[in-house]
Amino acid sequence: CATGINMQAAHWLAPRMTRQCGNDFQEELVIRPLHSGDIYASFQFRTVWETDFMRGNKVSHYRLFPKSLGQVISKFSVRELHISFTQGYWRTMQWGQPFQPSPPGAELWVWFQDSVTDVDGTWKELTNVLSGIFCASLNFIDSTNTVQPSASFKPLGIGNETDHRFLRYATLPREIVCTENLTPWKKLLPCGSKAGLAVLLKSEKLFHSSFHSQAVHIRPVCQDWQCKTTSWELRQTLNVVFDLHNSAQGKREWSLFKMFSRTLTEACPLASSSKIYIDITDNPQGEQFEVSPATPLLSQAVVLGDRRTFSVYDLTQQITFGTVRSLNLLIRWKSSEGDMLRPLLHAERYVAGYGLQTGEIHTLMYNNHPYRSFPVLLLDSVPWYLRLYIHTLTVTSKGKDNKPSYIHYQPSKDRLRPHLLEMLVQLPPNSVTEVTVQFERALLKWTEYTPDPNHGFYVGSSVISSLVPSIVAMDTNSTRERPLFSSFFPCKEESSYFVRVYTEPLLVNLPTPDFSMPYNVICLTCTVVAVGYGSLYNLLTRSFQIEEPSPGLAKRIANIIRKMRGVPPL
Amino acid sequence: MGLLSDPNRRRALISLLTRLNSPICVVCYMAGVAWFMGLAFEPFTLRTYMSENAMGSTMVEERFPAGERALTTGREFSAHKKKAGGMPVDWLVKTMQARGLEVFTQRFSRKLPFPDENKERYMVKGTNVYGILRAPRAPRTEALVLSAPCTPGDSNNQAVGLLLGLAQYFRNQIYWAKDIIFLVNEHDLIGMQAWLEGYHHTNTTGMDWSPLQGRGGSIQAALSLELSSDVITSMDLVLEGLNGQLPNLDLANLFYAFCQKIGVLCTIQGKLQRNDWDSVSGYSHSVQTMMLMVMKQASGRPWGDHGLFLRYHIEAASIKGINSFRQYKTDVTTIGRLLEGMYRKLNNLLERLHQSYFFYLMPSLSHFVSIGYYMPAFGLLAVILLLRALDLWVQLVSSPGVLSVLTPLVISHLTGVALYTLPIQFQEMAVEQFPVSETEAVVLTAIGYNVFLFIYIGWRVLKLVAVLYLAVLLGCTALINFSLGFILALTLVPVAAFVTPHVPKVLSAFILVILSPACTLLFSVFFFQELQELPVSFQEGWLLYLSVISQGILDHFLYGSLVYPLIALLVYPCWLLFWNILFWK
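None of these values were measured; they are calculated from a predicted model.

Next up on the list: the overall build of chain B. The helix and strand inventory of chain B stands at 20 helices and 12 strands. In terms of overall dimensions, chain B is globule-like: its C-alpha atoms have a radius of gyration of 26 Å, near the 25 Å expected for 585 residues. Principal-axis analysis of the C-alpha atoms places the extent of chain B at approximately 80 × 60 × 45 Å. Counting over 585 residues, chain B shows a buried share of 59%. If you take every contact in chain B between residues at least 6 apart in sequence, the share linking residues at least 24 apart comes to 81%. About 23,100 Å² of surface is accessible on chain B, with carbon and sulfur atoms providing 63% of the total. In chain B, 43 side chains carry a positive charge and 40 a negative one; their mean positions are 5 Å apart.

Turning to a nonpolar patch on the surface, a few remarks are in order. A cluster of nonpolar side chains, contributed by Leu553(A), Ile557(A), Ile560(A), Ile561(A) and Met564(A), occupies part of the molecular surface with about 540 Å² of accessible area. By the secondary structure assignment, Ile557(A) is in helix H13 (residues 553-565).

What follows deals with the interface of chain B and chain A. Across the contact, 40 residues belong to chain B and 38 residues belong to chain A. Taking both partners together, chain B and chain A bury about 3,500 Å²; carbon and sulfur atoms supply 55% of that area. Applying the counting rule to chain B against chain A returns 3 salt bridges. Here Arg215(B) and Glu348(A) are joined by a salt bridge, their closest N and O atoms 3.7 Å apart.

Right, let's get into helix H20 (residues 563-582) of chain B. Residues and elements named next belong to chain B. Compared with an ideal rise of 1.5 Å per residue, which puts 20 residues at 28 Å, H20 spans 27 Å between its outermost C-alpha atoms and is within 8% of the ideal. At Val-571, H20 shows its maximal bend, which comes to roughly 35 degrees, and the proline Pro-573 appears one to four places after that position. Extensive coverage of H20 is indicated by the burial of 17 of its 20 residues.

Glancing now at the state of the cysteines. Tallying each qualifying case throughout the model produces 2 disulfides over all chains. The partner cysteine of Cys191(A) in its disulfide is Cys268(A), sulfur to sulfur 1.7 Å. Measuring the twist about the S-S bond at about 65 degrees, one finds the Cys191(A)-Cys268(A) disulfide to be right-handed. Of this pair, Cys191(A) sits in the loop between helix H6 (179-187) and helix H7 (203-206) while Cys268(A) sits in the loop between helix H9 (256-260) and strand S10 (273-279), and the two are 77 residues apart along the sequence. Look at Cys268(A) and you get buried, because its relative accessible area is 2%. Disulfide partners in chain A, listed by the sequence order of the bonded cysteines, are 1-4, 2-3. Here Cys178(A) is not disulfide-linked; the sulfur of Cys135(A) is the nearest cysteine sulfur, at 11 Å. Cys178(A) sits in the partly exposed class, given a relative accessible area of 31%. In this structure Cys476(B) is a free cysteine whose sulfur lies 12 Å from that of Cys574(B), the closest cysteine sulfur available.

Turning our attention to the sheet that holds strand S11 (residues 360-364) of chain B. Residue and element names in this part refer to chain B. Spatial ordering of the open sheet is given by S1-S12-S11, a layout of 3 strands whose pairing is antiparallel. Taken across any chain shown, the strands that pair with only one partner, and hence form the sheet edges, are strand S1 (46-47) and S11. Looking at chain direction, S1 and strand S12 (residues 367-370) are connected through 2 bridges and run antiparallel. Considered in S12, the bridge of Leu-46 is made with Phe-368.

Here we come to the sheet that holds strand S17 (residues 374-382) of chain A. Residue and element names in this part refer to chain A. In spatial order, the strands read S20-S21-S17-S24-S25; together these 5 strands make up an open sheet with antiparallel pairing. Looking along the sheet, the strands with just one partner apiece sit at the ends: strand S20 (406-410) and strand S25 (496-502). Taken over all neighbouring pairs, the strand axes of this sheet differ in orientation by 15 degrees on average, direction set aside. With 7 bridges joining them, strand S24 (residues 463-469) and S25 adopt antiparallel strand pairing. Its bridge partner lying in S25, Val-463 is registered against Tyr-502.

Now for the pairing of strand S7 (residues 211-222) of chain A. Residues and elements named next belong to chain A. Of all 12 residues that make up S7, 11 are buried, and the element is covered over most of its length. With 7 bridges joining them, strand S3 (residues 78-87) and S7 adopt antiparallel strand pairing. Residue pairing across strands places Gln-87 opposite His-212, the latter belonging to S7. Sheet topology places S7 next to strand S8 (residues 230-242); 12 bridges connect them, and they run antiparallel. Its bridge partner being in S8, Phe-211 is matched across the sheet by Val-241.

Moving on, we come to the pattern of salt bridges. Under the counting rule described, the total for this entry stands at 29 salt bridges over all chains. Among the salt bridges present, the one from Arg171(B) reaches Asp243(A), with a minimum N-O distance of 2.8 Å. Here Asp243(A) lies in the loop between S8 and helix H8 (244-247) and Arg171(B) lies in helix H7 (residues 157-171), a pairing that spans two chains. Across the pair, Asp243(A) and Arg171(B) agree in class, each one buried. Glu253(A) is the partner of Arg332(A) in a salt bridge, and the nearest nitrogen-oxygen pair spans 3.2 Å. On the criterion of sequence distance, the pair formed by Arg332(A) in strand S14 (residues 330-333) and Glu253(A) in strand S9 (residues 253-255) is long-range, its members being 79 residues apart.

All right, on to the nonpolar core then. Among the nonpolar cores identified, the biggest contains 185 residues, and Leu92(B), Leu162(B), Trp195(B), Phe255(B) and Met362(B) are the most heavily contacted of them. With 14 residues, H20(B) is the largest single contributor of residues to this core. Phe255(B) has contacts with Met235(B), Leu237(B), Cys266(B), Ile319(B), Leu338(B), Met342(B) and Leu365(B), leaving out every residue within four places of it along the chain. Among the nonpolar cores identified, the runner-up in size contains 92 residues, and Val116(A), Phe134(A), Ala170(A) and Cys268(A) belong to it.

Let's shift gears to the UniProt feature "transmembrane region" (unreviewed entry) in chain B. Residue and element names in this part refer to chain B. Mapped onto the present numbering, the UniProt feature "transmembrane region" (unreviewed entry) falls on residues 20-41, 371-390, 402-422, 442-462, 468-499, 506-528 and 562-584. Within residues 20-41, the helical portion is 82% and the strand portion 0%, while the C-alpha atoms at the span's ends are 31 Å from each other. Across residues 506-528, the secondary structure splits into 91% helix and 0% strand, with the terminal C-alpha atoms separated by 30 Å.

All names here are of chain A. Relative to the helices and strands, Ala-267 is located in the loop between H9 and S10. Sequence separation of Ala-267 and Tyr-458 is 191 residues, and the distance between their C-alpha atoms is 42 Å. Once residues lying within four places of it in the same chain are set aside, the contact partners of Ala-267 are Glu-27, Ala-195, Gly-196, Ser-274, Leu-315, Thr-316 and Phe-321.

This part is about the packing of aromatic side chains. Applying the stated criterion across every chain, the model contains 47 aromatic pairs over all chains. Taking 6.2 Å as the distance between ring centres and 50 degrees as the angle between the ring planes, the aromatic pair formed by Phe170(B) and Tyr343(B) counts as tilted. Here Phe170(B) is found in helix H7, whereas its partner Tyr343(B) is found in helix H11 (residues 332-347), with 173 residues between them in sequence. Judged by its relative accessible area of 0%, Tyr343(B) is buried. Members of the aromatic cluster, joined through ring pairs, are Phe25(A), Phe43(A), Phe45(A), Trp185(A), Phe242(A), Trp254(A) and Phe260(A).

Rules used in this analysis
- Residues numbered from 1 in each chain as written.
- Chains lettered and ligands numbered in written order.
- Predicted model: local features only at pLDDT ≥ 70, side-chain atom pairs only at ≥ 80, totals over all residues.
- Heavy atoms only, no water.
- Helix = DSSP H or I, 4+ residues; strand = E, 2+ residues; numbered from the N terminus.
- Rg over C-alpha atoms; globule rule 2.2 N^0.38 Å.
- Buried < 20%, exposed > 50% of the residue type's maximum accessible area, 1.4 Å probe, protein only.
- Contact = heavy atoms within 4.5 Å.
- Areas by Shrake-Rupley, 256 points an atom, 1.4 Å probe, with all protein chains shown as cover.
- Lys, Arg positive; Asp, Glu negative; His and termini not counted.
- Charge placed at Lys NZ, Arg CZ, Asp CG, Glu CD.
- Patch = residues over 30% accessible without salt bridge, like charges linked within 9 Å, V, L, I, M, F, W, Y side chains within 5 Å.
- Salt bridge = Lys/Arg side-chain N within 4 Å of Asp/Glu carboxyl O.
- Buried area = accessible area lost by both parts, 1.4 Å probe.
- Expected span 1.5 Å × (residues − 1).
- Bend = angle between axes of the 7 residues up to and from the residue.
- Disulfide = S-S within 2.5 Å.
- Pairing = 2+ DSSP bridges.
- Axes fitted to C-alpha atoms, helices over the stretch in contact; angles between N-to-C directions.
- Core = buried A, V, L, I, M, F, W, Y, C linked by side-chain atoms within 4.5 Å.
- UniProt positions renumbered as here; feature names shortened; annotations may be inferred.
- Phe/Tyr/Trp six-rings, centres within 6.5 Å; stacked < 30°, edge-to-face > 60°.

Laid out in structure tokens, this is it:
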């Protein structure tokens, strides 16, 4: 249905036009004022396209869906692709759970279609192509940092195929994310950064923050409830946390302009919906903070196991922009900052011990639920140059041994593949579970060191995936207005929710030679070997005797004559 | 080596070495001492220079403005400290939280092996408070530490005030790439030990501590701040850490560079730098500075809170503010700017400090002696032992039964083991039976072992073994802790060289006792006091000597210092062997 003229028309006509052509684009921004006085802004851009990339189907006509990604999907037979670039570490203790968790650095995980025969080869090519698309060093993904998790990463889209031969997972904890990654990411949006929410994405503000994370998720989804045909969903997300202390100059006041140095004047004309949500759950009577302009629209949703209330600003309605034709949301704090949070699940990791020979990796998982225990899946991918002593693996909670019900361990091969450790551990209520494993630091070959070897070597974050009992289900003695008949059995879909927690990456020092004096070392060793060792060995092994001087010529001739005469020689 | 393959020439060389053995030894000894004394002469030393490029050319601006406010905070801290009668934990937690840090506490307790009289403590219980400034957009992999001890009484309040002031100022800056940990530790080194063990989850000394809740990844560098007055005249840099370990020289260079830039008087070993190196007094000044460093390093104890970081491969130094009676005064804002500059440069580091020297001596803050220059001094002393060994080897006619020296070796080592274990075992008993103080009891039990051993084997074999043993022992010690190795060599090498059964007994015994490790320590105590320009009378010196020994034993049990076991288990038995040789029958 779509032609070039229609594309033009889409700008002028109602955005709903796009829906009918099998293309749909939605954008939204969620703003959550955090306890610490910081502010969390999460952008989501979702493009859905009713088409089929499966089974080598040639797709050549693109409208809203970016062509560069569409071609990647069909060329490499990708079924699902998740890529994230993160600068900073999400502080669960201060900020709670994020909407889309991601580890520091770059993370890429891909499910391939089962028609792919050479998965490793395709993966290698795919990472190189993505490296070009996103201007990132994804080409450093190779067999030494790729793993195939057996349980932690299940497909998020439709499809029953869960054979982990078709899954590849890799992280680059050292990847630094900056504007050169943001620009290609923005170019994937239908409106670019020209209109809609994307005008707020100015890099000088986004990178003047405590946390920055951008991601692209591609997956097949159902077209309708009968799910006979599939659509492809592209979800671009960007999460950023602005720091109260260094962005707001300590004033407890936030506005769109202060955060992004822009205000909003219009929605993206191609978008079927364009909304801003402000989380006002902790602020029902406006005693914590004050939002202006006020909006009558409210929306409730269960997010991460908690029932949240949001004020909604619909950008497709002209009334939102008011008389000044520009929307500049203002949030003014009234109370002072709160204590640290106690999220139900959080984790941390560190390297214990000293010296450059051995060490111990400690992973701590906190279950802060007062009475429910729940299982978590722990995924650890450790590079080969830390040689894990897997027999020293211990899992303890509350001082007792906690036996994991499932362990999948794949030992490393030097210079070929990393260690992979996956465990299903039950976390008792209100406890800290500690997983420790000792390792030995390998001596690398001298060409294998990075240019800055004394900086240390990175070990990617552990991934903890879990179904956490939700706060809504905890709320048995509900004070909220709910009919009594609905509140006896905890509602199934609300009773627990999926959470993925990433620990911090580790920086480990390996024994490093002093690269600044190879010349001295070479000279010294050569001298010692050639001169010192050679002569000393000679001295120690040879036996010395005094040799008689050889007789002169005349004497020798005389002796021959005497021998012929049968007389004893002189 | 060709020289040695010729039997005639070899014989000639050996006969020369045995004939001239004593003169050569004397010359070597003189040369070693002279070389060492020459190290402090400025034309023979190198100027310090910044090796780390990441800290060199990058410019930083220091803008810390809030010195007065820091002093006010310090006074508040002092008031709360008095009220709480120790660490004001709640107040510190609240103050740090208000400055936007993530705050955590750690409780610890430790029972000392015997009461520490210097600091009057036996059962130690305390709490460390630390706040972490999370660097924006950093993944918690690297951290820097700034610590200030919470000491009883009126000292160090300004340090805590400045620490909190810097925390507040640093929190508002965007440029941090590494987390910064602000630590206030109680009970100085014991608290620091507990915190470091908790951070790295090790337990080397059997201390009880509660696990840490928050971390910042691998610590790259640490500074410990001591400041007890509102204005100061100079800043003193302390480098010597546990077991004589030193931080990378670049850390000292960084401090010196910023002192020069900001215009703060800086000292090392409490000695200002002088420019008149060519005069006698200038030379003796730098000798004194260097000797102080040698003495401190040889003691193997941490001379500031930074000393314990070095074990974990964290470059650390202590900075002490000194207020003497000079005209030129520096206020707290300037010290804050100094620290800000240092932290900004450390923040710029891409790699750990590794470019510069780890083994050095400093005759002044702007000059240093590297390992390549000072090792020959020790080598000249050590070669005496090898020459004596060669001499003895040549004199031995038949090949010796090595097993025959086993008995004296074992017995002297058993005495060493006794010396190591008994002071702690018996000090309680001694205190009960005699009206002596604990310190003296420890020391007296330690000294009461001058055993005479008479075992009948050829004394030459025994001496050969003893001399070689001493050579290996001193060589290894000097590699780890040059100062200790050199001081021991200075006294033990003459003993080892001259002792035979044929020298006059009484005089030699006297010399042997004078040059024993115990007396070396006694002289060192007096010498150290002399160098610090705090001479003591004999009575005071003796008390100081006793307390130094008990401190050494405590250092071993509390922080894992190795000097006490080295002396008790290895050096003392070695000296006993020479004693045996003297009383040979």
